[in-house]
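Chain residues, written in single-letter form:
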Amino acid sequence: MAFLQWRRFNFFDKEPVKDPATDQIFDQLKDVNVSACTSGRGQLIVGDFEGNLYFINRQMELTAFRAYEIRVTHLLQLKQHNLLISIGEDEPGINPLIKVWNLEKMERGNPACTRLTRAIPGNKPTPVSAFTVHENLNFMAVGFENGIVLLYKGDVTRERHSKSRIVCEGNKCVTGLAFKTQGKQDLFLFVVTENSTVAINLTAKDQQTLLENTGASIGCITMSDASQDNQLVIGRQDAVYFYQPDGRGPCLAFEGLKLQLHWFRGYLIIVGRESKTLPRAPVLGLHGMEMNTVTVYDIQNKFIAYSAPYPQVIDVLCESGSIFIFTGDRKLYQLQEKDTQSKLEMLFKKNNYALAISLAKSQQLDQDGLIDIFTQYGDHLYSKGDHDGAIDQYIKTIGKLEASYVIRKFLDAQRIHNLTKYLQALHMSQTATEEHTTLLLNCYTKLKDVSKLDEFIMTKNRAVDFDVETAINVCRQSGYCAHALALAEKHRKHEHYLKIQIEDIKDYQKALQYIGKLDFESAESNLKQYGKVLMNEVPKQTTELLKRLCTDYKPTDKPLIDQNSLDGTLPSKIQKANAEEFIHIFVNNSSKLTEFLEHMIEVQPNSSNLVYNTLLELYLHDMVHEKDISTRVDRERKTLDLLKNPDANYDIDQALILCQMNNFKAGILYLYEKAHLYQQILRYHMEHLEHLHVIETCKKFGQQDPQLWIQALSYFACKEEYCKSQLMEVLSHIDKKNLLPPLMVIQILAHHSTATLSVVKDYIVRHLQLENDQIAEDERLIKQYREDTEKKRTKIEELKTSAKVFQASKCNICSHSLELPSVHFLCEPHSYHQHCFESYAENDMECPVCAPENRKIMDIIRAQEQSKDIHEFFHNQLERAPDGFSVVADYFGRGVFNKVTLITDQHIRSKSYLFLSVTVKAITSLELLSKFAQPI
């Protein structure tokens, strides 16, 4: 056989099967004339020409029973069901019988036969040459030597539920049958004869497809497993062919005579013929036996896993993970596949890493095992100098093998291409770090491979497999600013884009335009960072952008009217920055700052006090440094308008300091007035010797602060120059409003030599006259109070000592004639009907008419008694009162002072005493009148 130069390995261990009981070669079938074999469900099954069935389990225990009277010709053990289907003969002649054995159900010690069917196509008995059963137990196909294929449809375990039909008629012996399910519904039956290969679609009215006008001999047909898509495999003299229901597939040029084909775990087993002979077994005679070669092919990995000669192979059985070879000398040989690690070690010793990788993948080796093979393969190629091949293997280890292990091997400048390839693969697998990105970009720059650099960082519609910021930094450091800029713009790395535009390219206009396209937060932060530079380079555009940012910001690449407004829903929230946070960027451009702040207070009158304070400072600065008179006047007016603006939210203290520092008189006076600092206004005019303005200030604000006149008096009294007219005017206002006692006025004027007696003569005379008039009035009142007091006393005495005659004729409530019973009081006197009194009187002891007035008097007396100990209130009232004497007199009347303190001014003391005595006694008399009034 020619095997396409496939490499040969010995991946199976051969050993003869031994009987566990005797530990001797298993020879219990030495006298059996084998006619058919099968395997499955953990056992080997053999049929002989005497009609017996032999079962060998995993413990090599042999059991047997007689299934047919004459012979067994065919056996099939299902894989998914514990059913054995056999074909044999019970009668002489051609009379094949199909029997289905349920191996799980025993009858009389033997498996139960659930079906017995005669296999006769039509009326012509013909020997069976091939048969197969579908694993779903609904289809069974039987092929005959005359070329007819009979299909049984229905439950194969029961004859009565099964129907048969002929699906194929030929003129040559049927050598092989096999079912294949394709898709979800299509069921195909492969029919192989000596001269044709046909596929029959059983779900499409037995439609036949001729696959090839060549067939195969009996035994040279098998079905592959799922690893080869369950194809029909046929062995011929020239090659092995694979078939699908729609046609022939690949073929393998294995030449030589093929006796049997079997499939085991992805391996194709071929039994071929050789010319060597051995002596026959004694039981079969002394003739020589042909030597057959058993070869195991790994179809997927393209190598021979095992090959060895055996004497006249009867059959090959695959069971329990092993291959059992039944030979002509009636011995069983077991081929046990080596474990994967042992296979790999054999391949490693021969440096056959490519095959090791293929084998590991087909054996479902875990990822760590594959990585180890790739690493060894890469090291092997590297040691041989095949750096390109080595890097390809190292690339397959990405994600498991430490990248530094590979990178260190290729740091030599001559291998930079290999290193670049590996680093590219690292990025494609999303496992690259910042250092790897830096190294890759440095490789590109050292190679000056701009196209690769473009492909790596500028390719559109490709997932990013590197750290963008690292790439930007490396390109920038290497002088590839255009690449760094494009990368930053594509991935919206705003900070890097602006750094490159401003610091490297110095295209300030584009940088500003880029900021205008950003969202609000990004635009705000970047203007804070680069605002000073942009203000120095493009002040006009920067100022305009700041105006937008601090009012109602919208990116320039978005519509001015959002979709919410068009839909009638609530508009999006206005986004605006705080203007005061950007004042610092105008440090070298006061004119633009003034423009910006004026815009802000125009569109946002409620701007912060820092905005107004800064604008005021700018106005004052421009005003002070202005040389042109008319322009200066305009600036003063503008500044004063700002101060007088009712919406201006400036800090009045800071504004006052600024006006004072810049000597802005109008602003100072306005702010003093706004802050109600009238004393400061007066003092300002005094400091600047503005006598007329002093008088005007007193007139204007004297009502709010009377002390202004007193300060003006002191001011004019101490002036060196003669200010008689102003002094007289001040004295006149003090006198009118009684701001100071005359004695205090004289004391103030006496301390200054410029104020003469002639100035105050009229003032003193007028006050003395007023005092005399007041004394006369007080004496008159004292006399009147004394007379009233005496009258009260006389009346009280009469009430105490004299009888009272009640002569009232009418009721004081209803004004009708007085009738008995009646009630009389001594107060007026007052008289009432008893029923009127009871209806209107609040109590029985008080006159209804006099009660309200008496109650007022009693409340006053109680209030005086309660408040006589409130000393704090007394002192506060005394300090605030314009006439302290009247307050003291009032508290004397309340009895606050138990002891009368001697006052040096005898006139005042006697006047106060008499007044209080009369008042207290009058109140006492009224109280007594109420208390002594008794109803009669």
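Just so you know, these numbers come straight off a predicted model, no measurement behind them. (Residues numbered from 1 in each chain as written. Predicted model: local features only at pLDDT ≥ 70, side-chain atom pairs only at ≥ 80, totals over all residues. Heavy atoms only, no water.)

### Focus on the packing of aromatic side chains
- Across all of its chains, the model carries 24 aromatic pairs by this definition.
- Here Tyr353 and Tyr377 contribute two aromatic rings whose centre-to-centre distance is 5.4 Å and whose plane-to-plane angle is 20°, an arrangement assigned as stacked. Placement of the pair is Tyr353 in helix H2 (residues 353–362) and Tyr377 in helix H3 (residues 367–383), with a sequence separation of 24 residues.
- An aromatic cluster is defined as three or more aromatic residues linked by ring pairs; in this entry it consists of Tyr382, Tyr394, Tyr405 and Phe410.
- One cation-aromatic arrangement involves Lys99 over Tyr68; the distance from NZ or CZ to the ring centre is 4.3 Å.
- The positively charged end of Lys409 is found above the aromatic ring belonging to Tyr382, 4.8 Å away from the centroid. (Phe/Tyr/Trp six-rings, centres within 6.5 Å; stacked < 30°, edge-to-face > 60°. Helix = DSSP H or I, 4+ residues; strand = E, 2+ residues; numbered from the N terminus. Lys NZ or Arg CZ within 6 Å of the ring centre and 35° of its normal.)

### Observations concerning helix H9 (residues 468–477)
- Considered for burial, the residues of H9 that qualify are Val468, Thr470, Ala471, Ile472, Val474 and Cys475.
- One or two positions beyond H9, positive phi appears at Gly479, with a value near 90°. (Buried < 20%, exposed > 50% of the residue type's maximum accessible area, 1.4 Å probe, protein only.)

### Things to note about the pairing of strand E9 (residues 71–77)
- In the sheet, E9 pairs with strand E10 (residues 83–89) via six bridges, with the strands oriented antiparallel. In the sheet register, His74 faces E10, and the bridge partner there is Ile87.
- Adjacent in sequence and paired antiparallel, E9 and E10 are bridged by five residues. (Pairing = 2+ DSSP bridges.)

### Side note on the environment of Phe11
- Tracing the chain through its elements places Phe11 in the loop between strand E1 (7–8) and strand E2 (12–16).
- Distance in space between the C-alpha atoms of Phe11 and Ala305 is 5.2 Å, their sequence separation being 294 residues.
- Setting aside anything within four residues of it in sequence, one finds Phe11 in contact with Phe303, Ala305, Gln336, Glu337, Lys338, Lys343, Met346, Leu347 and Leu359. (Contact = heavy atoms within 4.5 Å.)

### Notes on unusual backbone geometry
- Going from Leu820 to Pro821, the amide bond is cis rather than trans, its omega being -5°.
- Looking at the element boundaries, Pro821 is found in the loop between helix H26 (757–801) and strand E32 (822–825).
- Positive phi values are uncommon outside glycine, yet Arg330 reaches one of about 60°.

### Let's talk about the sheet that holds strand E6 (residues 43–48)
- One open sheet holds the four strands; their spatial order is E5-E6-E7-E8, and the pairing between them is antiparallel. Of all the strands in the sheet, just strand E5 (34–40) and strand E8 (62–66) have a single pairing partner and so form its edges. When the angles between neighbouring strand axes are averaged without regard to direction, this sheet yields 20°.
- Two elements, E5 and E6, share six bridges in a ladder whose sense is antiparallel. Residue Cys37 lies in a different strand from E6, and its bridge partner there is Val46. (Axes fitted to C-alpha atoms, helices over the stretch in contact; angles between N-to-C directions.)

### What about the packing of helix H17 (residues 609–624) against helix H18 (residues 629–644)?
- Running from amino to carboxyl end, H17 crosses H18 at an angle of 160°, the nearest separation of the two axes being 9 Å. It follows that H17 is roughly antiparallel to H18 by the angle criterion. For the element pair H17 and H18, the recorded crossing hand is left-handed. Together, Tyr612, Leu615, Leu616, Tyr619, Leu620, Asp622, Met623 and Val624 of H17 and Arg632, Arg635, Glu636, Lys638, Thr639, Leu642 and Leu643 of H18 make up the contact between the two elements.
- In the contact of H17 with H18, the residues fall into nine nonpolar, one polar and five charged. (Parallel < 35°, antiparallel > 145°, perpendicular 65-115°, else oblique. Left-handed = near helix turned anticlockwise from the far one by under 90°. Nonpolar A, V, L, I, M, F, W, Y, C, P; charged D, E, K, R; others polar.)

### Notes on helix H7 (residues 434–447)
- Over its 14 residues, H7 extends 20 Å from the first C-alpha to the last, a length consistent with the 20 Å expected when each residue adds 1.5 Å.
- Those residues of H7 that fall on the buried side of the exposure criterion are His436, Thr437, Leu440, Leu441, Cys443, Tyr444 and Thr445.
- With its phi angle positive at about 55°, Lys448 sits one or two positions after the end of H7. (Expected span 1.5 Å × (residues − 1).)

### A word on the UniProt feature "coiled-coil region" (unreviewed entry) in the chain
- Annotation from UniProt places "coiled-coil region" (unreviewed entry) at residues 768–802.
- Within residues 768–802, the helical portion is 97% and the strand portion 0%, while the C-alpha atoms at the span's ends are 51 Å from each other. (UniProt positions renumbered as here; feature names shortened; annotations may be inferred.)

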